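An overview of the molecular structure
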Amino acid sequence: MAFSLLLLQPLSLPNSTNYSCGTVTIRCVLSDNYSRSSRVPYELKYGQSRVFHELPSGLKMEVLLQKANPQRMVERGSSSSNSDLPPLLFVHGSYHAAWCWAEHWMPYFSRNGFDCYAVSLLGQGESDVPVDSVAGTLQTHASDVANFIQKGLRSPPVLLGHSFGGLILQYYIAYMGKQDSSGLPSTYYPDLAGAALMCSVPPSGNSGIVWRYIFTKPVAAFKVTRSLAAKGFQTSLSLCKETFFSSEMEDDLVKRYQELMKASSAMPLFDLRKLNASLPVPSCAKSSLEILILGASDDFIVV
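Residues numbered from 1 in each chain as written. Predicted model: local features only at pLDDT ≥ 70, side-chain atom pairs only at ≥ 80, totals over all residues. Heavy atoms only, no water.

1. A look at the confidence of the model for the chain
The predicted coordinates of low-pLDDT regions are not to be read in fine detail. Put simply, the chain has an average pLDDT of 84, and 83% of its residues get 70 or more. Considering only residues more than four positions removed or in separate chains, one finds that residues 1-35, a stretch of pLDDT under 50, has 96 contacts. (pLDDT = per-residue confidence, 0-100. Contact = heavy atoms within 4.5 Å.)

2. Brief notes about the environment of A193
With respect to the helices, strands and loops of the structure, A193 is situated in the loop between β9 (187-188) and β10 (194-198). Each residue touching A193, except ones within four places of it in the same chain, is listed here: P86, P156, P157, V158 and L289. (Helix = DSSP H or I, 4+ residues; strand = E, 2+ residues; numbered from the N terminus.)

3. Things to note about helix α5 (residues 164-175)
With 12 residues, α5 should reach 16 Å at 1.5 Å per residue; the first-to-last C-alpha distance of 17 Å fits that figure. Counted residue by residue, α5 has 12 buried out of 12 residues, so it is predominantly covered. The set of residues buried in α5 consists of F164, G165, G166, L167, I168, L169, Q170, Y171, Y172, I173, A174 and Y175. Among the residues trailing α5, G177 stands out with phi positive, at a value near 80°. (Expected span 1.5 Å × (residues − 1). Buried < 20%, exposed > 50% of the residue type's maximum accessible area, 1.4 Å probe, protein only.)

4. Details of the pattern of salt bridges
This model, assessed by the stated rule, comprises eight salt bridges. The residue R256 makes a salt bridge to E103 at a minimum N-O spacing of 2.9 Å. Remark: E103 occurs in the loop between α2 (99-102) and α3 (105-111) and R256 occurs in helix α9 (residues 251-264); sequence separation between them is 153 residues. Note on R256: relative accessible area 36%, which makes it partly exposed. The closest approach of N and O atoms between K223 and E242, which form a salt bridge, is 3.1 Å. Residue K223 is located in helix α7 (residues 218-229), and its partner E242 is located in helix α8 (residues 237-244); the two are separated by 19 residues in the primary sequence. Relative accessible area serves as the criterion here: at 34%, E242 is assigned to the partly exposed category. Residues participating in the shared-partner salt-bridge network are K45, E103 and R256. (Salt bridge = Lys/Arg side-chain N within 4 Å of Asp/Glu carboxyl O.)

5. Remarks on the packing of aromatic side chains
A full pass over the atoms with the stated rule returns 19 aromatic pairs. Judged by centre distance (6.1 Å) and plane angle (15°), the rings of W99 and Y257 are stacked. In this pair, W99 sits in helix α2 while Y257 sits in helix α9, placing the two residues 158 residues apart along the sequence. Residue W99 is classed as buried on the basis of its relative accessible area of 6%. Residue Y257 is classed as buried on the basis of its relative accessible area, which comes to 7%. (Phe/Tyr/Trp six-rings, centres within 6.5 Å; stacked < 30°, edge-to-face > 60°.)

6. Brief notes about the side chain of K241
Relative to the assigned elements, K241 resides in helix α8. In this structure K241 touches S246, S247, M249, D251 and V254, once residues within four positions along its chain are discounted.

7. Quick look at the sheet that holds strand β7 (residues 158-162)
One open sheet holds the seven strands; their spatial order is β3-β4-β6-β5-β7-β10-β11, and the pairing between them is mixed. Each having just a single partner strand, β3 (49-54) and β11 (291-294) make up the two edges of the open sheet. For this sheet the average axis-to-axis angle between neighbouring strands, irrespective of direction, equals 20°. One ladder, built from five bridges, connects β7 with β10; its direction is parallel. (Pairing = 2+ DSSP bridges. Axes fitted to C-alpha atoms, helices over the stretch in contact; angles between N-to-C directions.)

8. A look at the pairing of strand β5 (residues 88-91)
Residues L88 and F90 point to one face of β5 and L89 and V91 to the other, with burial holding for every one of them. Alignment of β5 against β7, held across four bridges, turns out to be parallel. Within the sheet, the bridge partner assigned to V91 lies in β7 and is G161.

Structural data, given as structure tokens:
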């Protein structure tokens, strides 16, 4: 479903500073003044902004944001004030970046009173690229998200993750409210207001999915391997469509997203062998955190 755009005034922010805006305080450098050439040909919608959050490593992580629109809330007859609602923070999966949330999700929830933020994990989108063969580990990606929440947001957010972003979210929840000292530097994971796992990789990783495909759907297993591991989705429009999108989507729109995905991943999110060796995600103690788990009947991969 395509959601209508929000006609919000773009944020007016200084070039490089600590600033406060509603529920967020971010150490940022605006993209127009950040000395890099844009890798991803995505034009933000009116009312959306791009900032760069500086991580403890000194690397900068792209954050797209769209504030709630009070006028639209009044027009829709909403009785909730913006201060009553937690901010939403979106985390993407493989071959994507923050832009995938800026298409429909951020405009929709912004229109309904939520301040929305979407991160591009390191090595993805317009975020900095680490000096390594892969973008990071489950721990480092979760730590980067935690750092943004701790340094950037004034109130606990609802954290939403798709695919491998959901696995990162599960790691975060396992350490929520605690200090994870297994890596350097040590990371504190702030509390959340809620969480949503959308077609998420399970706690045990994707190896179980792969083996189930091999024995029950060998043709599909071949297609998934060719599409993702061999990056066939980047050159085959039909394979890209079958892997990521519904059969009803127009080819010109699939082509647009295919080009964005090709440009979004400067390097793999993980070393999958090392990732699978580190799984399952640690179990967490009983918690009152509410978690929404969503799946899709036509999902080609996470079934």
